[in-house]
Amino acid sequence: MSKIKKEKRKKAVPVGIGILVFILAFGAGVASKQISPSWAKEYSIKWSDDLGTLMEDIPYGDGEANKFDLYLPKDNSHASYGLVVYLHAGGFTSGDKSGDRDMLSWLCSKGYVAAGINYTLFAELESGKTNGASVLTQSNEIKAAIPKVIEAAEAQGYHIDKLAMAGGSAGHALAMIYAYRDAAESPVPVAFTFGAVGPSCFYKNDWDNYGFDQETEEAYEGCAGIFSAMLGEMITVEELKDGSYLEKMKPIAAAEWVTPDSPPTVVAYGTHDRIQPFKASLRLKAALEENDVDHVYLELPHSGHGLQNDSAIQKQWMEAIEEYLDKYMPVE
């Protein structure tokens, strides 16, 4: 085997490790989110035709996953409606819009047009290669979907005049990217964004939950692998060491796009999160504060990625979401 081929194989190993760690870690996080306290029933409604009309699997692109569900409230008499998009969790590798049906039904019951959007999930093929999906491609699919969602609502007689972007975990990350990075290109104003435990930025030392804060070659190679998998473009050890990786990661680093014009925000993070780095959420908090963005940032001091051990604060988070919806997207 030539020296060049050996070098290529050596470079590929960290990426593979990063992919594996990412899939296993975020998969565990999805499982943890199945825990629901009793009060959560207030914000979770089973769909029925009494709530309105549910239109499923509306296409927005050519990809197999490029489909969305549209929830139209029973009362169609308003001159305009707010649209709430809620993006599913799943570590960017799994999940489906149908998993958030109870949340979307609750939003519809409050008088909002609601939508769940699928996006192409990251997958490793039998050949050892990937299907080309990444957080970047997923964020661009969501960007392409929003006009189609609005068009579909308008075609049914529901005029959309404002938008809220939301989601959990991976879906929260994608929602924040749209709300902060893409809002200026949105067909309607982004009035509000909310969610929980979504990774918002990519500073190597913040990712200490994976040991990437260590100054070892293993840490650098592991970080290069997982960041490359998320971006869909090679991040090298050299770029990590000289700091140039931060600019390359910016397209999927929501916190880096926060400005004084960013929409009001409600977020929650567990301080013991082993899936996405809690320290990264502190950078998001700082960005919101420095830019005077109206926000609620909640830390759950006994919880991990599932926010499972701080029921009272989790309830406070949901109450803040409802308060901000009423404030920034009132149903009139």
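The structure under discussion appears in the preceding block.
No experiment lies behind these values; they were computed from the predicted model shown.

Break down the environment of Leu125 for me, citing the residues and quoting the values.
Take Leu125: it is sitting in the loop between strand 4 (113-117) and helix 3 (135-155). Taking the relative accessible area as the measure of exposure, Leu125 reaches 41% and is therefore partly exposed. Each residue touching Leu125, except ones within four places of it in the same chain, is listed here: Thr130 and Asn131.

Outline the pairing of strand 7 (residues 265-270), listing residues and values.
Most of strand 7 is tucked away, with six of its six residues classed as buried. Taking every second residue as pointing to the same face, both faces of strand 7 are buried, with Thr265, Val267 and Tyr269 on one and Val266, Ala268 and Gly270 on the other. Judged from the six bridges that link them, strand 7 and strand 8 (residues 295-300) form a sheet pairing that is parallel. The residue of strand 8 that forms the bridge with Thr265 is His295. With helix 8 (residues 278-290) bridging strand 7 and its parallel neighbour strand 8, the resulting β-α-β unit is right-handed.

I'd like a rundown of the sheet that holds strand 4, residues and numbers included.
Overall, mixed pairing links the eight strands, which are arranged 1-2-4-3-5-6-7-8 in an open sheet. Taken across any chain shown, the strands that pair with only one partner, and hence form the sheet edges, are strand 1 (52-59) and strand 8. Strand after strand, the sheet turns through a mean of 15 degrees between neighbouring axes, direction not considered. Lying over the sheet, helix 2 (residues 101-109) contacts strand 1, strand 2 (67-73), strand 3 (81-87) and strand 4, oriented at roughly 35 degrees with respect to strand 2.

Give a description of helix 8 that names residues and reports values.
Here helix 8 spans 19 Å end to end across 13 residues, near enough to the 18 Å set by a 1.5 Å rise per residue. If you check which residues of helix 8 are buried, you get Phe278, Ala280, Ser281, Leu284, Ala287 and Leu288. End-on view of helix 8: buried residues confined to an arc of 160 degrees, all on one side of the axis. Here the buried face of helix 8 lies against helix 4 (170-182), strand 7 and strand 8. Immediately beyond the C-terminal end of helix 8, within one or two residues, lies Asp292, with a positive phi of roughly 55 degrees.

Before we move on, could you go through the packing of helix 3 against helix 4 and cite the residues and values that matter?
At a minimum axis distance of 10 Å, the contact between helix 3 and helix 4 shows a crossing angle of 65 degrees. Relative to helix 4, helix 3 is oriented roughly perpendicular. Between helix 3 and helix 4 lies a crossing whose hand is right-handed. Contacts from Val135, Leu136, Gln138, Ser139, Asn140, Lys143 and Ile146 of helix 3 reach helix 4 at Leu174, Ile177, Tyr178, Arg181 and Asp182. Residue composition of the contact of helix 3 with helix 4, grouped by class: six nonpolar, three polar and three charged.

Cut-offs and rules
- Residues numbered from 1 in each chain as written.
- Predicted model: local features only at pLDDT ≥ 70, side-chain atom pairs only at ≥ 80, totals over all residues.
- Heavy atoms only, no water.
- Helix = DSSP H or I, 4+ residues; strand = E, 2+ residues; numbered from the N terminus.
- Buried < 20%, exposed > 50% of the residue type's maximum accessible area, 1.4 Å probe, protein only.
- Contact = heavy atoms within 4.5 Å.
- Pairing = 2+ DSSP bridges.
- Right-handed = clockwise from strand over helix to strand, strands pointing away.
- Axes fitted to C-alpha atoms, helices over the stretch in contact; angles between N-to-C directions.
- Expected span 1.5 Å × (residues − 1).
- Arc of directions from axis to C-beta.
- Parallel < 35°, antiparallel > 145°, perpendicular 65-115°, else oblique.
- Left-handed = near helix turned anticlockwise from the far one by under 90°.
- Nonpolar A, V, L, I, M, F, W, Y, C, P; charged D, E, K, R; others polar.

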